[in-house]
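As a plain string of letters, each chain reads:
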Amino acid sequence: MFNEATLHKYPALIGAFTGIPAKEFWDMLDKMEAKLPAHEMGRHTRDDRKRAVGAGRKFDQSLAQRTVAVLSYLRLHVPQLVIALMFGQTQCDISRDLRRLLPLIIAVLPCPEVWEIMKDNQELKKLVTLPSEQLANGRVLVDATEQRVYRPGKSNETRKLYYSGKQKAFTIKTQMATDDDHHILAISASAPGAMHDKKLSDEVQTLERLPDGCEVDADKGYQGMADQVSLVSVCNPETGIEQQIPRLTVYTPFKKMKGKELTEQQEEFNSQLSAVRVRVEHCIGWVKNWAIVATRFRCSHLIYTSVMQTVCGLVNLQTQRWQMAHPANCA
């Protein structure tokens with residue numbers, strides 16, 4: 001069994017189990033402990049809580065031991081009972097701590113925003129746009145990723161929602177928005193896998209959340225997005241004439257029409273666009289180094305978005321680390 005003393009004595013275990021260097025883990029834990037009292041108070045006084053404040057069983061393990069157990073589960077995605085035996089807990093402890101500790105971990109990591117699916121009656125003015133200063137080279141790269149889940153057992157209608165024709169499996173889909181420098185800026189709330197990439201983008205209103213003047217690069221699944229860009233009025237300083245221009249620019253690859261071939265210029269454009277878009281593919285690949293989002297998801301779908309947001313925060317932390325260590329290779 002591994003405890004806090006073991007983790008201090010053998011720091012390499014932290015990196016092996018969680019994918020985080022020991023020093024960064026202890027720094028993260030210090031931030032978590034500073035936020036823990038407010039976090040626990042908020043959890044104990046939430047509206048749907050049925051017990052009185054202070055009621056309930058006390059924790060048997062330290063925050064460090066519980067946090068390593070949760071992060072190890074995210075990294076390895078072995079059965080929860082295995083993680084529980086490794087850290088002197090029960091399977092129920094691991095399951096509960098996924099819900100209790102993930103919000104606290106998210107609060108101390110450079111996690112991306114979560115873009116919720118907007119309802120028809122929600123006003124656009126409530127949307128929070130990404131600050132333009134966060135965008136490296138003023139560019140946003142958009143793509144979606146899918147993860148297999150077990151077949152929903154409720155009804156045939158539910159199964160159809162989760163069956164992805166592309167993957168030929170039941171999946172959950174997440175849209176990811178990154179900048180031009182491998183930083184994950186935002187993810188969408190999880191959606192059933194049958195939803196098309198473009199439809200998911202429309203549901204979370206991706207374009208409306210982006211700042212004016214930015215460039216959006218997407219793959220062929222987002223054909224038609226450029227036609228949805230709204231216009232803004234600008235005044236030409238030379239002529240003084242007001243004119244309408246697109247609020248931002250969207251680039252998607254040219255799609256070969258049936259019976260026709262792409263021109264050399266179109267193929268060159270697609271090649272240059274792919275060379276830029278590969279950075280969002282890199283981010284998706286790094287996210288899948290955490291087995292919980294690379295293998296079949298076994299937990300409740302209710303915590304999927306929190307799990308994905310946490311893993312993206314861990315990837316952003318990793319990206320910051322190697323960019324600081326190798327600044328010359330990050331241009």
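Predicted model only: the values in this text are computed from it and were never measured.

Student: Describe the pattern of salt bridges, with residues and values.
Tutor: Taken as a whole and assessed by the stated rule, the structure comprises 18 salt bridges. A salt bridge links aspartate 97 to arginine 66; the shortest N-O distance between them is 2.9 Å. Within this pair, whereas aspartate 97 is found in helix H6 (residues 91-108), its partner arginine 66 is found in helix H4 (residues 63-76), the two being separated by 31 residues in sequence. The residues aspartate 97 and arginine 66 share a single accessibility class, namely buried. For glutamate 215, the salt bridge is made with arginine 139, and the minimal N-O distance between the two is 3.1 Å.

Student: Quick rundown of the packing of helix H3 (residues 22-44) against H6? Include the residues and the values.
Tutor: The relative placement of two packed helices is expressed as an angle between their axes plus a distance between the axes. One way to put it is that H3 packs onto H6 with a least axis distance of 9 Å and a crossing angle of 130 degrees. Between H3 and H6, the angle is such that the two are oblique. In this structure, H3 meets H6 at a crossing whose hand is right-handed. Residues Met28, Lys31, Met32, Lys35, Leu36, His39 and Arg43 of H3 form the contact with H6, whose own contacting residues are Arg100, Pro103, Leu104, Ile105, Ala107 and Val108.

Student: Explain the environment of tyrosine 304 to me, and be specific about the residues and the numbers.
Tutor: By secondary structure assignment, the location of tyrosine 304 is in helix H10 (residues 304-325). You can call tyrosine 304 buried: its relative accessible area is 2%. For the pair tyrosine 304 and threonine 174, spaced 130 residues apart in sequence, the C-alpha to C-alpha distance is 9.8 Å.

Student: Provide a residue-level description of unusual backbone geometry, including the pertinent values.
Tutor: The phi angle at lysine 168 is positive, at roughly 55 degrees, despite the residue not being glycine. The class of lysine 168 is exposed, set by a relative accessible area of 59%.

Student: Before we move on, can you summarise H4 with the specific residues and values?
Tutor: With 14 residues, H4 should reach 20 Å at 1.5 Å per residue; the first-to-last C-alpha distance of 20 Å fits that figure. For H4, the complete set of buried residues consists of Leu63, Ala64, Gln65, Arg66, Thr67, Val68, Ala69, Val70, Leu71, Ser72, Tyr73 and Leu74. Looking at the packing, one finds that the buried side of H4 touches helix H1 (4-9), helix H2 (12-18), H3, helix H5 (80-86), H6 and H10. One or two steps after H4, the chain reaches histidine 77, where phi turns positive at roughly 55 degrees.

Student: A description of the packing of aromatic side chains should follow, citing residues and the corresponding values.
Tutor: Counted according to the given criterion, the structure contains 9 aromatic pairs. Seen from their ring centres, phenylalanine 25 and tryptophan 26 are 5.0 Å apart, and the 70 degrees between their planes marks the pair as edge-to-face. The class of phenylalanine 25 is buried, set by a relative accessible area of 0%. Its relative accessible area of 16% is what places tryptophan 26 among the buried residues. Judged by centre distance (5.9 Å) and plane angle (75 degrees), the rings of tryptophan 286 and tryptophan 322 are edge-to-face. With a gap of 36 residues between them, tryptophan 286 in helix H9 (residues 264-287) and tryptophan 322 in helix H10 connect regions that are remote in the sequence. Under the relative-accessibility criterion, tryptophan 286 is labelled partly exposed at 21%. Members of the aromatic cluster, connected to one another through ring pairs, are Phe2, Phe17 and Phe87. Here the guanidinium or amino end of arginine 75 rests over the ring plane of tryptophan 290, the centre of that ring lying 4.4 Å away. A cation sits over an aromatic face here: arginine 296 above tyrosine 150, 4.9 Å from the ring centre.

Student: Describe the layout of surface pockets, and please don't skip the residues or the numbers.
Tutor: Empty space within the second largest pocket amounts to approximately 320 Å³. Glu146, Lys166, Gln167, Lys173 and Asp197 are, among the 18 residues lining the second largest pocket, the residues nearest its centre. The greatest single-element share of the lining of the second largest pocket, amounting to 4 residues, is contributed by strand S2 (residues 139-148). Of the residues belonging to the lining of the second largest pocket, the class tally is 3 nonpolar, 7 polar and 8 charged.

Student: Quick one: what's the story with the side chain of histidine 182, residue by residue and with numbers?
Tutor: Locating histidine 182 in the fold gives a position in the loop between strand S4 (169-178) and strand S5 (184-188). Here the side chain of histidine 182 touches histidine 282 through a polar contact of 3.1 Å, side chain to side chain. The residues contacting histidine 182, other than those within four sequence positions of it, are Arg279, His282, Cys283, Trp286, Asn316, Thr319, Trp322 and Gln323.

Student: How would you explain the nonpolar core if you had to name every residue and give the values?
Tutor: One finds Val287 and Val307 to be the most contacted residues of the largest nonpolar core, which totals 56 residues. In this view, valine 307 contacts Leu74, Leu102, Ile292, Val293 and Phe297; residues no more than four positions away in its chain are not counted. Formed by 23 residues, the second largest nonpolar core is a distinct cluster that contains Leu130, Leu135, Ala177 and Met195.

What counts, and where the lines are drawn
- Once a new chain begins, its residue numbering starts again from 1 and follows that chain's sequence as written.
- Where local features are concerned, this predicted model is filtered to residues with pLDDT of at least 70; where side-chain atom pairs are given and counted, the filter is 80 or more; whole-chain, interface and lining totals use all residues.
- Heavy atoms from the whole structure form the basis of all side-chain values; hydrogens and water molecules are not counted.
- What counts as a salt bridge is simple: a side-chain nitrogen of Lys or Arg found within 4 Å of a carboxyl oxygen of Asp or Glu.
- Think of it this way: any DSSP run of H or I at least four residues long counts as a helix, any run of E at least two long counts as a strand, and we number them from the N terminus.
- With a 1.4 Å probe rolled over the protein chains alone, any residue whose accessible area is under 20% of its type maximum counts as buried; one over 50% counts as exposed, and the rest are partly exposed.
- Structural elements are reduced to axes, namely lines fitted to C-alpha atoms, with helices fitted over the stretch in contact, and the angle between N-to-C directions of any two is expressed from 0 to 180 degrees.
- Should an angle lie under 35 degrees it is considered roughly parallel, over 145 roughly antiparallel, and from 65 to 115 roughly perpendicular; all remaining angles are considered oblique.
- For any helix crossing, the convention is left-handed if the near helix is rotated counterclockwise from the far helix by under a right angle, and right-handed if that rotation is clockwise.
- In what follows, residue pairs with any heavy atoms lying within 4.5 Å of each other are defined as contacts.
- By this rule the span expected of a helix is its residue count minus one, scaled by 1.5 Å.
- Between rings of Phe, Tyr and Trp, where Trp is taken as its six-membered ring, a pair exists when centres lie within 6.5 Å; planes separated by under 30 degrees are stacked, by over 60 edge-to-face, and by other angles tilted.
- Charge over a ring is defined by NZ of Lys or CZ of Arg lying within 6 Å of the ring centre and within 35 degrees of the ring normal.
- For each structure, a 1 Å grid was placed over the protein atoms alone; sets of points admitting a 1.4 Å probe that cannot get out are labelled cavities, open sets with protein on both sides within 12 Å along at least five of seven lines are labelled pockets, and lining residues have an atom within 4 Å of a point.
- Grid points are joined across faces, edges and corners, and a volume is the space filled by probe spheres set on the points.
- Put simply, Ala, Val, Leu, Ile, Met, Phe, Trp, Tyr, Cys and Pro go in the nonpolar bin, Asp, Glu, Lys and Arg in the charged bin, and everything else, Gly too, in the polar bin.
- Between N or O atoms, a polar contact is any pair within 3.5 Å; within protein, one atom must be a potential hydrogen donor and the other a potential acceptor, and residues adjacent in sequence are included only when both atoms are from side chains.
- To qualify as a nonpolar core, a set must consist of buried Ala, Val, Leu, Ile, Met, Phe, Trp, Tyr and Cys residues joined through side-chain atoms within 4.5 Å.

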